[in-house]
Amino acid sequence: MSLKSSAPRSTVQSVIDRPQASVLIIGGGINGIATFRDLALQGVDVTLVERNDWASGASAASSHMIHGGIRYLENGEFRLVQESVQERNGLIKIAPHYVKPLETTVPIFSTFSGILSAPLRFLTHKQGKPQERGALLIKVGLTAYDSFSRDGGSVPRHRFHGRKKSLADLPKMNPGLKYTATYYDASMHDPERLALDVLMDGLAAGPHARAVNYVEAVGMGADGVELRDTVTGQTFTVTSDVVVNTSGPWTDLTNAGLGEPTTYMGGTKGSHIVLDNPELYAATKGREIFFEHEDGRIVLIYPLKGKVMVGTTDIDADPSTPSVCTEEEVDYFFDLVKHVFPTIATSREQIVYRFSGIRPLPKHDDEAPGFVSRDYRIERRAAAARPSTTVFSLVGGKWTTFRALAEHLSTDVLNTIGAPRPVETLGLAIGGGAGFPRTDSATRTWVAAHEDGIGAKRAEQLLSRYGTKAAALLEHLSEHGDDRLQGAADYSVQELEFLVEQEQVVHLSDVLHRRTSLAFTGSLTAGLVDEIARVVGGVLGWDDAERAAQITAALDRLRDAHQVDLRVDAAKEAPAFS
């Protein structure tokens, strides 16, 4: 059965009714969304389309970090590191509800290793024989890294410890280590929700800003870009002065579909697993463990949401085929955990979620994947089918620099259409980060002002989950009730109804993977999926057949993309799928 939806499609209809825009952005990952927000704040008539759900592609497969990229120093990417560190510090201030300082420890097993090979890698960007970096090289790198941060108040500077103090601090670590280096970057514990906040900021700018998910670009002609609503199948054409392609790793595929073939991209695959391993979680002491494995890859062990995320790989990938975490990658992750925490056992039974994505990196020929630039560039050309339209293609980009990248790309667009920049996004709060309390005292004050009818504990939970945007939700719950889900007491029926109504939910998977973190934390069961489907379907008007189709599609996605098969428990739980 084909999936349909009776979700409010007024935003799609608004594009059909007025099929013109100054700027059409194709691709609703974080960089497309941020560019949409920037242009919307300038008053530009801008429309954003995304073929799937918001931040569901490469942006959903991140390592949940906002980081300066210390290893980019070895690539000679000093501009990118400086920008990244400054943007990291800025995001801690403008999105404090989702971006927070993250203590990071590097285990080091030698003193001088890498000091001869590093200059060669710097000059040639060839991997050569893998060799772990020693203490001297890491110390030089961290000292340079600290120097790029001109805002010392955001995160502390790094510190070094010898073996004895390191093992006293983290006793489960490999006793063969010689040193540890500890520095700070930042965590991004809910990347998809941060992307939604950026999107909603753009939509709040006014009716000149329109954004629709599940709408794909399928061609380009003399009249403009042909779009297709993947929910209804309807096609329509939008005319614009500028087209911005922010399709990430699919940039070349999008351009080919528009009749503008390019060979800009050469992405690499990165996979992660999420473990329910209390011993490993406790061993990290709340820190990310970040290090180089013996094969030269940078990997991480990251306590997050009560679980431990382990990643990542860096393998050449084809964006035209689905990216999934393989069994070989799982074996690799277990080996690296054993390398750092040799006495802690890991097993496949502990995996609650796997995910994989393709980084939007530039074409790199024979350059080693780990040395491909993480910087971004903007390509510009006149559209072949419509020479009066300028097409910008974004090549590269990463989560940390999304605000600065959007400012750069938007400035190029503004210059092209002859529009001013009345609003600066530097220092401008994002979504629920506006007025977010920074101290315990300020939190208590905020909670006391919003707890009526809902209770202080619940108000504080929702403040943590949504930032100050929780105020509107709390008002909704006070009026309509707060009946907890039977299968997930941290969420309520009315909370999910609010998200569906306000956040452009179209399919059941949108809620399971991106409006909540229930899939990521391994909290889903077949019965809970059915329960959530009833809530979502109640808002969107699904009949029994449509609800069953949505459940089937959601379970298929969990199995095929994330290797989570809830059907094995379906008979036990006997969920009502109809």
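Rules behind the numbers
Residues numbered from 1 in each chain as written. Predicted model: local features only at pLDDT ≥ 70, side-chain atom pairs only at ≥ 80, totals over all residues. Heavy atoms only, no water. Helix = DSSP H or I, 4+ residues; strand = E, 2+ residues; numbered from the N terminus. Buried < 20%, exposed > 50% of the residue type's maximum accessible area, 1.4 Å probe, protein only. Contact = heavy atoms within 4.5 Å. Areas by Shrake-Rupley, 256 points an atom, 1.4 Å probe, with all protein chains shown as cover. Axes fitted to C-alpha atoms, helices over the stretch in contact; angles between N-to-C directions. Parallel < 35°, antiparallel > 145°, perpendicular 65-115°, else oblique. Nonpolar A, V, L, I, M, F, W, Y, C, P; charged D, E, K, R; others polar. Core = buried A, V, L, I, M, F, W, Y, C linked by side-chain atoms within 4.5 Å. Phe/Tyr/Trp six-rings, centres within 6.5 Å; stacked < 30°, edge-to-face > 60°. Lys NZ or Arg CZ within 6 Å of the ring centre and 35° of its normal. Expected span 1.5 Å × (residues − 1). Salt bridge = Lys/Arg side-chain N within 4 Å of Asp/Glu carboxyl O. Pairing = 2+ DSSP bridges.

Q: In this structure, what is going on with the overall build of the protein chain? I would like to understand it.
A: A count of helical and extended segments in the protein chain gives 19 helices and 18 strands. Burial statistics for the protein chain: of 578 residues in total, 59% are counted as buried. Contacts in the protein chain between residues at least 24 apart in sequence constitute 72% of all its contacts with a sequence separation of at least 6. Put simply, the protein chain shows about 22,200 Å² of open surface, and 53% of that area lies on carbon and sulfur atoms.

Q: Explain the packing of helix H3 (residues 78–94) against helix H11 (residues 402–417) here, please?
A: Close contact between H3 and H11 brings their axes to 8 Å; oriented N to C, the two are set at 105 degrees. Comparing the axis directions of H3 and H11 gives the class roughly perpendicular. Of H11, the residues touching H3 (which contributes Glu83, Glu87, Leu91 and Ile94) are Phe402, Arg403 and Ala404. The class makeup of the residues in the contact of H3 with H11 is four nonpolar, no polar and three charged.

Q: Any chance you could explain the nonpolar core here in plain terms?
A: Buried together is how nonpolar side chains tend to be arranged in soluble globular proteins. In terms of nonpolar packing, the biggest core is built from 133 residues, with Ile301, Leu508, Leu524 and Ile532 touching the most fellow members. The leading source of residues in this core is helix H17 (residues 526–540), at eight residues. If we skip the residues at most four places from it in the chain, leucine 524 touches Leu512, Leu518, Ala519, Val529, Ile532, Leu558 and Leu566. Leu24, Val215, Leu227 and Phe236 belong to the second-largest nonpolar core, a separate cluster that totals 16 residues.

Q: Explain the packing of aromatic side chains here, please?
A: Any two aromatic rings considered together are summarised by their centre-to-centre distance and by the angle between their planes. Scanning all chains against the criterion turns up six aromatic pairs. When the ring of tyrosine 332 is compared with that of phenylalanine 333, the centres are 5.9 Å apart and the planes differ by 55 degrees; the resulting orientation is tilted. An identical accessibility class is assigned to tyrosine 332 and phenylalanine 333; each is buried. Here the aromatic rings of tyrosine 353 and phenylalanine 355 are separated by 6.1 Å at their centres, their planes lie at 35 degrees, and the arrangement is tilted. Accessibility classification places tyrosine 353 together with phenylalanine 355 in one group, the buried group. Grouped by ring-pair contacts, the aromatic residues Tyr353, Phe355 and Phe520 constitute a single cluster. Arginine 51 extends its terminal NZ or CZ atom over the ring of tryptophan 250, reaching a point 5.2 Å from the ring centre.

Q: What is the right way to look at unusual backbone geometry in this model?
A: Backbone geometry follows two general trends: most residues other than glycine have a negative phi, and most peptide bonds adopt the trans configuration. With an omega of -5 degrees, the peptide bond between glycine 311 and threonine 312 qualifies as cis. With respect to the helices and strands, threonine 312 occurs in the loop between strand S14 (307–311) and strand S15 (315–316). Positive phi, close to 55 degrees, is recorded for alanine 55, a residue that is not glycine. Of note, alanine 55 is situated in the loop between strand S2 (46–50) and strand S3 (65–66). Residue classification places alanine 55 among the buried residues on the basis of a relative accessible area of 1%. One non-glycine residue, lysine 285, lies in positive phi territory at about 55 degrees. Topologically, lysine 285 is positioned in the loop between helix H9 (278–283) and strand S12 (288–292). The exposure class assigned to lysine 285 is partly exposed, which follows from its relative accessible area of 48%.

Q: Which parts of the structure should I look at to understand helix H18 (residues 544–562)?
A: Side chains of residues three or four places apart in an α-helix project in the same direction, reflecting 3.6 residues per turn. Given a rise of 1.5 Å per residue, 19 residues ought to cover 27 Å, and the 26 Å separating the end C-alpha atoms of H18 matches this to within 8%. Taken together, the buried positions of H18 are Glu546, Arg547, Ala549, Gln550, Ile551, Ala554, Leu555, Leu558, Ala561 and His562. Lining the buried residues of H18 we find strand S16 (351–358), helix H16 (508–515) and H17. In the segment just after H18, glutamine 563 is the residue with positive phi, at about 55 degrees.

Q: I'm lost on helix H7 (residues 191–203) in this one. Help?
A: For H7, built from 13 residues, the straight-helix expectation of 18 Å at 1.5 Å per residue is met to within 8% by its first-to-last C-alpha distance of 19 Å. With respect to burial, H7 is a largely interior element, 12 of its 13 residues being buried. Every buried residue of H7 is accounted for by Pro191, Glu192, Arg193, Leu194, Ala195, Leu196, Asp197, Val198, Leu199, Met200, Asp201 and Gly202.

Q: In this structure, what is going on with the pattern of salt bridges? I would like to understand it.
A: Throughout the structure, instances matching the rule amount to 35 salt bridges. Close ionic contact of aspartate 38 with arginine 421 constitutes a salt bridge, the shortest N to O distance being 3.0 Å. Taken as a pair, aspartate 38 in helix H2 (residues 30–41) and arginine 421 in the loop between H11 and helix H12 (440–450) lie far apart in primary sequence, 383 residues in all. A relative accessible area of 1% places aspartate 38 in the buried class. One salt bridge in this structure joins glutamate 503 and arginine 193, with 2.5 Å as the shortest N-O distance. On the criterion of sequence distance, the pair formed by glutamate 503 in the loop between helix H15 (493–502) and H16 and arginine 193 in helix H7 is long-range, its members being 310 residues apart. For the pair formed by glutamate 503 and arginine 193, the shared burial category is buried.

Q: Mind showing me how you'd approach the pairing of S12 here?
A: Moving residue by residue along a regular strand, the side chains alternate between the two faces of the sheet. Across the five residues of S12, five count as buried, placing the element largely inside the fold. The alternating pattern of S12 places Glu288, Phe290 and Glu292 on one face and Ile289 and Phe291 on the opposite face, and all of these are buried. With two bridges joining them, strand S4 (residues 99–108) and S12 adopt parallel strand pairing. Paired with threonine 104 across the bridge in S12 is glutamate 288. For S12 and strand S13 (residues 298–304), the ladder comprises four bridges, and the chain directions are antiparallel. By the bridge assignment, phenylalanine 290 is partnered in S13 with leucine 300.

Q: Explanation requested: the side chain of histidine 476 in the structure shown.
A: Considering the arrangement of structural elements, one finds histidine 476 in helix H14 (residues 470–480). For histidine 476, a relative accessible area of 14% puts it in the buried group. Contacts of histidine 476, omitting those with residues within four sequence positions, involve Gly481, Gln494, Phe498 and Glu501.

Q: How do you make sense of the pairing of strand S6 (residues 179–188) when you look at a structure like this?
A: Counting buried positions along S6 gives nine out of 10 residues, so the element sits mostly inside the fold. Relative to S6, S3 runs antiparallel, the two sharing two bridges. If you follow isoleucine 66 over to S6, its bridge partner there is alanine 186. The pairing of strand S5 (residues 159–162) with S6 spans four bridges and is classified as antiparallel. By the bridge assignment for S6, glycine 162 is matched with tyrosine 179.

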